[in-house]
Amino acid sequence: MSDQKVETLESVVIRFAGDSGDGMQLMGDRFTNTAALVGNDLGTFPDFPAEIRAPAGSLAGVSAFQLQFSSRDIFTPGDNLDVLVAMNPAALKMHIKDLKAGGILIANKSNFTAKNLKLAVWESNPLEDDSLNDYQVHDIEISRLVVNAMEDMDVTSKTVERTKNFFGLGLLYWMYGRPMEPTVEWLEKKFKKRPELIEANTRALKAGYNFGDITESFAVQYEVGPAPLEPGTYRNITGNYATGLGLVAAAQNSKRPLYYGGYPITPASDILHQLSHYRNFGVKTFQAEDEIAGVGSAVGAAFAGSLAVTASSGPGICLKGEVIGLAVITELPLVVINVQRAGPSTGMPTKTEQADLFLAMYGRNGESPAPVLAPSTPGDCFFTTHEACRIALKYMTPVFVLTDAFLANGSEPWMIPSLDDIPPIDSSFAEMRDGQYMPYERDEETLAREWAIPGMAGLEHRIGGLEREHISGNVSYDPDNHDLMVRLRAEKVAGMTREIPPTEVYGDATGDLLVLGWGSTFGAIRTSVEALRSEGKSVSHTHLKWLNPLPADLGEHLLKFQKVLIPEVNSGQLIKLIRSEFLIDAEGLNLVRGKPFRKSQIIAKMKEIL
Amino acid sequence: MSDQKVETLESVVIRFAGDSGDGMQLMGDRFTNTAALVGNDLGTFPDFPAEIRAPAGSLAGVSAFQLQFSSRDIFTPGDNLDVLVAMNPAALKMHIKDLKAGGILIANKSNFTAKNLKLAVWESNPLEDDSLNDYQVHDIEISRLVVNAMEDMDVTSKTVERTKNFFGLGLLYWMYGRPMEPTVEWLEKKFKKRPELIEANTRALKAGYNFGDITESFAVQYEVGPAPLEPGTYRNITGNYATGLGLVAAAQNSKRPLYYGGYPITPASDILHQLSHYRNFGVKTFQAEDEIAGVGSAVGAAFAGSLAVTASSGPGICLKGEVIGLAVITELPLVVINVQRAGPSTGMPTKTEQADLFLAMYGRNGESPAPVLAPSTPGDCFFTTHEACRIALKYMTPVFVLTDAFLANGSEPWMIPSLDDIPPIDSSFAEMRDGQYMPYERDEETLAREWAIPGMAGLEHRIGGLEREHISGNVSYDPDNHDLMVRLRAEKVAGMTREIPPTEVYGDATGDLLVLGWGSTFGAIRTSVEALRSEGKSVSHTHLKWLNPLPADLGEHLLKFQKVLIPEVNSGQLIKLIRSEFLIDAEGLNLVRGKPFRKSQIIAKMKEIL
Amino acid sequence: MTETDVPTLTRKDFVSDQDVRWCPGCGDYSILAQTQKTMPELGVPKEKFVFVAGIGCSSRFPYYMDTFGFHTIHGRAPAIASGVKLANPDLSVWVITGDGDALSIGGNHLIHLLRRNLDINIVLFNNEIYGLTKGQYSPTSEFGKKTKSSPFGSLDRPFNPPSVALGTQSTFVARTVDSNTAHLQASLKRAYEHKGTSFLEVYQNCLIYNDGAFSHVTDKAVKDDNILDLQHGQPMVFGGEGDKGIRLDGFTAEVVTVGKDVSMDDLLVHDEHDKNLAAILANFTEDESLPTPLGVIFSEEQPNYEALMTKQIESAKEKLGEGDLQQLIIGTDTWEVA
Amino acid sequence: MTETDVPTLTRKDFVSDQDVRWCPGCGDYSILAQTQKTMPELGVPKEKFVFVAGIGCSSRFPYYMDTFGFHTIHGRAPAIASGVKLANPDLSVWVITGDGDALSIGGNHLIHLLRRNLDINIVLFNNEIYGLTKGQYSPTSEFGKKTKSSPFGSLDRPFNPPSVALGTQSTFVARTVDSNTAHLQASLKRAYEHKGTSFLEVYQNCLIYNDGAFSHVTDKAVKDDNILDLQHGQPMVFGGEGDKGIRLDGFTAEVVTVGKDVSMDDLLVHDEHDKNLAAILANFTEDESLPTPLGVIFSEEQPNYEALMTKQIESAKEKLGEGDLQQLIIGTDTWEVA
Ligand SMILES: Cc1ncc(C[n+]2csc(CCOP(=O)(O)OP(=O)(O)O)c2C)c(N)n1
Ligand SMILES: Cc1ncc(C[n+]2csc(CCOP(=O)(O)OP(=O)(O)O)c2C)c(N)n1
Ligand code: SF4
Ligand code: SF4
Ligand SMILES: [Mg+2]
Ligand SMILES: [Mg+2]
């Protein structure tokens, strides 16, 4: 490498943006993978276009992938960009506003044709007028350069054009001093049967790398050292994938067969896709005719003794309410995963939101209580889902898991847990007793009823959606019995506080401001609180995994702070629970933009309060 | 009439109980009607057996009708009974516990056969052992007496047996010095084509009357004078029927055709039945294949310009959530009536409950706000439903009306409103303008969008469940637009406080205790508060018709009281809204027994608090 | 379903301790009785029976069977039963449903179960009315019917249940009548024996809200002339004297008198396995002049969903080996942090 | 629908200002174009058209038509369209849906609309896949299909859309193909002209997730031998040289060579109005050896739900007089309090 100036940076935020066809997601994956191998901490977030592929070059067709890599531990994909790679004018149009002043823009000049400029509604070519003066612009004729790199090969021009993303990748590898080998090896594995593609993409990669090296245009190289991560074996994992693994692990730990009944819906479909590969784990996936049948079949499978699961997103969860109510009154184990997306109604299916908390708690007729849990990071989806399964089986109840599009598609390095570290799940069945089996007899501590499944001789019994008589489980219209059952169902859920570990407060245990969050806002809140604390502000952070019931010790912690701020990507749902439960004047930060919070937004609000 | 001792009473509570086949509901209706004509104030409540007819004589087959009639204005059907009419042992078994000590029991001795006693699980005949010592027992061989009364007629013994209830009715008419003519006239109208039935029932009625007159067994007669009701023309009305009338009135007032799409479900089916008779009012009723199609078709009808309505009960409302969300985002007028019943799940379909408030407010994915109203008496169902239609049309929004089984089947004397007293509803459509029609342009005050319907040339437009762009209504994934639309939808509902009249406080404006209620608990709360106030206690009562938004002035009233008590026939829903909104430590009274509150229950709780 | 030898069971073994709550005289009683009589004869251990129902008078059925039972919610029984069967293919799963439960709110789940062909037996109590909700017209009520919700007459053209089933890939379609105890028992047996989803329509009298809806096939006086008792491989004869027959003219069936205008050999012969014939038979009830077919209208063998699932699992285990959870969690792309 | 004379409209009048968002090359483009070409020819004023769709790639359709349009939610379009039509029978209502939208989640609403026979035109874009959600199998995907959600092959036996429609009392059943523009336009016209619910299946190519699913009826090379173009009253001939024909042996259809083994008169003649024949034709696609019928498989006149409703209202007004609200509120049993 030429004797270049090398600057060391703590963190870098890069966004790859281009046409759906330009392979931006793949480019992001590879850069992520390499950064991980180098030992950086990471956060990534793909930003897909609305569902259908729009015409090439159009604004609607732009696909992007953002990642932050760092030499310290980080919790988000970052906010403003240090580097933007824009493969065409539409990508530039959509994303330039997020590039920091003075940030690096890499544009594929070859794609800035009159036609593409028009499609992206640029009056004039931004690479030629002065609209990009605030940035370090590198406009490169990538398409031409890859052609040159492959002159002597006989591959279709389409194939050549397709290697653009690897040219960009190579250039970035050079800029950040990253090894190319892992990517080359990956290409060799992936295209085993298509050697010409290995060759073409490798050449593009190297061409990009050398372009950085040779041309004078790049003044500096940057270095981002490894992060002080906890020692161990790591993998990169998305929230949806971790959710799927959590289910399989819970099934194995509880020795219950895993049954998944669901219907495809963005952004939850991947869980169905993933589980459908696990036949050799005995996993049964049932793609039903609709969400009602999906969860209905799961309730049937639960009655028959399976670890029964369904997953969907807002509109689908809406439809499942009546069946979930049946699981509540028949007290059958069921895990309901809601990968939340922007609503109401169809809303913005590919965008993230946290607005289904109340739907989980109250979206059923009558008093129909169910526990609600929410993971805080992609990797945490594994543990939270596993915990939800444990609770469902131990307490004989439906359990909600609230993830969202941001967690589902976002990824982070994840220290791979060893099976021995995962809590065991004991799931036992009723046994033959002398005297009749009483389906609604309850465990004194948990209030869970005993589970007896078809095939167990002598334990034949009937359950259903009409109110059950305490103990016997027969149909009952007795007023006092109904009141008792309503209370028992509520107490069973309330009693789960015993499952909740002591509430953790990041920062001081008392102070001016506690920021209380839940779910996918963890990273943004933690990063913001860290920042203010480093400014010496008295700010702490508590993040809830359990939304229902709330931790028994939460109240005392809240009272130790002057103010409580509750940021939610909704119009204020957890905050209503907190205010009503603890009668404290908590404030909310509510931005409902289909996007995760930015550090800056939370910091601004905290400063306003302090 | 023999020179009998006559005692004057203020109020009397009677319950007629017998086999589903014994005509108890009809007996109740007639007594009610006569009491009304005499000028008493009234409250009635039928208590049907669980849906299917159980075998004759069985406990499950008992059907009852309770009424309170009084010389002062009353608000409920009463609690403990002064008189119980038990047509068979099962009826006695089910209802005797509600008879006041010293109360009057009238039993049809002829039905206390060994078989019936066994069916009702009486070890020995209660009319013969001493188990009824606490009551004034009149065991009468009604079946035999009606036979005698009809010896000389040639009617089937079945017909004769069927007249039992009129014998009982006659006896009660005598006891309370009521005229028989109205009933006789009614029989003549009803059986115009079956003179033998007129004759038979009239004979039974008179036989009963004379039985009281002649036999010595009844020491006293009672007199219950007319109540000081507001002058005017009255009718007796049930909540469901008043709801149906409210819809027809709103359609006429708004000049919009009434469209009803729904699916039968207890206790809401009667609204469909009633409206299906109104073809000559141009009313279109559509019995759909399920609740989703019922409300779906209503949304379609709204898009096409109708006053669109759907009604159901808990499980059905649960299913409608997704479609209602579509109406929220497309901002179409829709009235959703939930005749609440005991849940969760199928629960106790014929029993009452108030547990679907949160389902109305939060039972949809995403932030999906909608106004929620609740009537407080059977007659009020008319005005509240009419108001809901006005709001739906004025604000272009779905509106929930929460009644329940108690209101739906209960009845009260209702001063018939003149059409001129009913507020007008103006419902206007968009007009052709120069420049394009913008479906999401809003009225500055109400934030309602303009309504343009198919058939209006030049106003062609497209709407749907994807997020809409402000003003244009085109599909938009813009983050700021989404945030704006979420806020606009919320503000539109919040702004409806302008529609809410100043909050009324019954009793003093400040004091020790304010009892805050909503919906069908009105009568029980008002009666209880009256009672304590007459004891000089500082107690007041406020009853909410609007649950969302809450009245703007509610907070200031609440703060004027030491304590606030919120009785609900659920586990505490309004109370959560109040606590979170006003941060006051309101207390709840929550009995979830599938039955309305009793005065005694509320009074006990108030005393505990004071 | 494996059929192990089991202590011989009797009717009593299937009678639960709950007292039956239908209107005296309801057709449901007979269906319950025949079911309790037939189940012991199937050689299935009692604990392997599961009765799943929706909501309706008919759907209370499971409470009265002393087996595993699930009284679910309105219309969803086929979906819930699918989960039961898929989770444990070893069970004998029965769906008890009504014309409203199965064909109104539950229509979609019904037709999807039929096409997936899980080995589940559906018994549809068709009384052409909503009984439990006190008498509204149902999807099988005749056009123009006056009911609580249609005082001026219903505007809905009814479904023909066997046609619905045939149009949605059903592999077994049969019809019987509540009061014909022998035929009902035989039909239940046939439904059980069919490996795949069995669709059995039972004409059921609701004497409170739709009394006599099926008198044409139940009244001694007329029923023989109105019932066509289907027998596989047999010519279609019927009538008190067994002298009436069915002949086909093109695709249109007509009633003929055997001996007089035609001989036995001219008559249409029933072939359970002919789907096109089945479609024609299903349409009989839409033509006044034709008798009502009872018995097995159609049956064919097709793979069962749950059996295919089991196969997929077994072959996946063979090819890929028993799943190794730790390996799955580790995945392919890992790195070490020291 | 009253057809008043209207300023003659052109294709342009039906093109909205929204840019179309389907994958380049998607079959939906052709269906949109043919619809925009055909609508102006129906003599219906533009403002009386309403396009109602569910959710799916296909269901974005209404945004591109410059008429009244409602992009609703998944599966519910038939129910919502029923409300539109019933509220205003004067409108020309079109339901645009996909194989998932109409036959998976929306199956129940579809079949109930079909039996009620409102005058609504259903255009089902069948691409045998879930496009919008990126490629899972649908209720019309072939058995064993490997997709995102069925890596080991789907276990579902598919629906045959025309059979489903025929089994559920449909009064008009037709099929066409996205790329056959003339046939598509003609089919849209026929669907419009039918007074009652029209069910039009359109084979639509999803080139991203299920490319070539219908190549047998679209590839120049082979299509003539695979398409049976149904013409009412005409013998069933097909094939490049028009020398192939359909003959019936019992109820089973077979392909014969005209001239060689048989003459024209031996061939099956199409009768749109024969429901039993329609059922047989619908089953053709389940037999490899038979061609795929295109065109009108079945049509019959039956009363429309909305017309019957209008009649009920009119006759009620005649019999009972215009409803008098005040009288209704007063009722029959009143008393005075002075
Ligand atoms: C979601 C829901 N909608 C409606 C109902 C009310 N409901 C209960 S049973 C029934 C119809 C019953 O008819 P059918 O299935 O024919 O059974 P039958 O009573 O005639 O045996 C209805 C509408 C309900 N329980 N749940
Ligand atoms: C209630 C609900 N469930 C699921 C989805 C996700 N979803 C949208 S379209 C679709 C299927 C689309 O398939 P199809 O109807 O064949 O339309 P295509 O995209 O193939 O044209 C699904 C499952 C949704 N939007 N809403
Ligand atoms: S209502 Fe009809 S169907 Fe229901 S139990 Fe009574 S008779 Fe049977
Ligand atoms: S995914 Fe398939 S159906 Fe959808 S737009 Fe693309 S090509 Fe068309
Ligand atoms: Mg029925
Ligand atoms: Mg499709």
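Scroll up to find the structure.
Residues numbered from 1 in each chain as written. Chains lettered and ligands numbered in written order. Predicted model: local features only at pLDDT ≥ 70, side-chain atom pairs only at ≥ 80, totals over all residues. Heavy atoms only, no water.

Trainee: Can you explain the coordination of the magnesium ion (ligand 5)? Please cite residues and give values.
Mentor: Residue and element names in this part refer to chain C. Taken together, Asp99 (OD), Asn127 (OD1) and Ile129 (O) make up the protein donors of the magnesium ion (ligand 5), found 2.1 to 2.2 Å from the metal. Expressed as a motif, the donor residue spacing for the magnesium ion (ligand 5) is D-x27-N-x1-I. Of this pair, Asp99 sits in helix H3 (residues 99-105) while Asn127 sits in the loop between strand S4 (120-126) and helix H5 (161-167), and the two are 28 residues apart along the sequence. Accessibility expressed as a relative area gives 2% for Asp99, which makes it buried. Overall, the relative accessible area of 7% leaves Asn127 in the buried class. (Donors = N, O, S within 2.8 Å, 3.2 Å for Na, K, Ca; no water. Helix = DSSP H or I, 4+ residues; strand = E, 2+ residues; numbered from the N terminus. Buried < 20%, exposed > 50% of the residue type's maximum accessible area, 1.4 Å probe, protein only.)

Trainee: Which residues make up the site of ligand 3, and what values go with them?
Mentor: Taken together, 11 residues form the shell around ligand 3, and within it C:Cys23, C:Cys26, C:Cys57, C:Cys206 and C:Leu207 come nearest. Per-site note: the chains with residues close to ligand 3 are chains B and C. Partitioned by chemical class, the residues of the shell around ligand 3 number 9 nonpolar, 2 polar and no charged. (Near = heavy atom within 4 Å. Nonpolar A, V, L, I, M, F, W, Y, C, P; charged D, E, K, R; others polar.)

Trainee: Account for the interface of chain D and chain B, with residues named and values stated.
Mentor: Each partner contributes residues to the interface: chain D has 57 residues there, and chain B has 72 residues. For chain D, the biggest contributors to the area lost against chain B are D:Phe68, D:Ile329 and D:Trp335; these three give 16% of the whole. The interface formed by chain D and chain B includes 3 salt bridges. The salt bridge involving B:Arg30 is made with D:Asp333; its shortest N-O contact spans 3.8 Å. Summed over the shared surface of chain D and chain B, the result is 25 residue pairs in polar contact (both at pLDDT 80 or more). (Contact = heavy atoms within 4.5 Å. Buried area = accessible area lost by both parts, 1.4 Å probe. Salt bridge = Lys/Arg side-chain N within 4 Å of Asp/Glu carboxyl O. Polar contact = N/O pair within 3.5 Å; in protein donor to acceptor, adjacent residues only side chain to side chain.)

Trainee: How would you summarise the site of ligand 4 if you had to cite specific residues and measurements?
Mentor: Taken together, 11 residues surround ligand 4, and among them D:Cys23, D:Cys26, D:Cys57, D:Cys206 and D:Leu207 come closest. In this structure, ligand 4 is bordered by residues of chains A and D. By residue class, the composition of the shell around ligand 4 is 9 nonpolar, 2 polar and no charged.

Trainee: Any chance you could break down the interface of chain A and chain C for me, citing the residues and the numbers?
Mentor: Across the boundary between the two partners, chain A contributes 71 residues, which contact 57 residues of chain C. Roughly 5,300 Å² of surface becomes buried between chain A and chain C when both sides are summed, with 64% attributable to carbon and sulfur atoms. Considering only the side of chain A, the residues that lose the most area to chain C are A:Asn280, A:Glu289 and A:Arg462, jointly responsible for 14% of the buried surface there. The interface formed by chain A and chain C includes 3 salt bridges. A salt bridge links C:Asp66 to A:Arg462, with the shortest nitrogen-to-oxygen separation between them at 3.2 Å. On inspection of chain A and its partner chain C, the count reaches 25 residue pairs in polar contact (both at pLDDT 80 or more). For the side of chain A that touches chain C, the secondary-structure elements that each account for two or more residues are helix H1 (24-38), strand S9 (232-238), helix H9 (239-254), strand S11 (284-287), helix H11 (291-303), helix H12 (314-330), strand S16 (411-415) and strand S17 (462-464) of chain A. It is H11(A) that provides the largest number of residues to the side of chain A that touches chain C, a total of 8 residues. Tallied by class, the residues present in the side of chain A that touches chain C amount to 39 nonpolar, 21 polar and 11 charged.

Trainee: Explain the packing of aromatic side chains to me, using residue names and the numbers behind them.
Mentor: As enumerated under the stated definition, the model contains 60 aromatic pairs over all chains in all. Judged by centre distance (6.1 Å) and plane angle (55 degrees), the rings of A:Phe16 and A:Phe31 are tilted. Taken as a pair, A:Phe16 in strand S2 (residues 11-19) and A:Phe31 in helix H1 lie far apart in primary sequence, 15 residues in all. Classification of A:Phe16 by relative accessible area gives buried; the value is 0%. What makes A:Phe31 buried here is its relative accessible area of 0%. With a centroid separation of 4.3 Å and 15 degrees between ring planes, the pair formed by C:Tyr203 and C:Phe214 is classed as stacked. A residue pair is termed long-range when its members are at least 10 positions apart, and C:Tyr203 in strand S6 (residues 198-203) and C:Phe214 in the loop between S6 and helix H7 (215-218) qualify at 11 residues. (Phe/Tyr/Trp six-rings, centres within 6.5 Å; stacked < 30°, edge-to-face > 60°.)

Trainee: Summarise the sheet that holds strand S1 (residues 49-53) of chain C; cite the residues concerned and give the values.
Mentor: Across the sheet, 9 strands lie side by side as S17(A)-S2(C)-S1(C)-S3(C)-S4(C)-S6(C)-S5(C)-S11(C)-S7(C); this open sheet has mixed pairing. Since the sheet does not close on itself, it has two edges, and those belong to S17 of chain A together with strand S7 (227-229) of chain C, each with one partner. Going across the sheet, the axis of each strand differs from the next one's by a mean of 20 degrees, ignoring polarity. Here 5 bridges tie S1(C) to strand S3 (residues 92-98) of chain C, and the two strands are oriented parallel to one another. Residue pairing for S3(C): C:Phe49 is matched across the bridge by C:Ser92. Each of S1, strand S2 (68-71), S3 and S4 of chain C touches helix H2 (residues 77-87) of chain C; the most contacted strand, S3(C), lies at about 175 degrees to it. (Pairing = 2+ DSSP bridges. Axes fitted to C-alpha atoms, helices over the stretch in contact; angles between N-to-C directions.)

Trainee: A description of the nonpolar core should follow, citing residues and the corresponding values.
Mentor: Core analysis: the largest hydrophobic core is formed by 338 residues, its most contacted members being A:Leu574 and B:Leu574. Leaving out residues up to four positions away in the same chain, A:Leu574 has contacts with A:Leu357, A:Leu516, A:Trp518, A:Leu544, A:Leu547, A:Leu550, A:Ile566 and A:Glu568. (Core = buried A, V, L, I, M, F, W, Y, C linked by side-chain atoms within 4.5 Å.)

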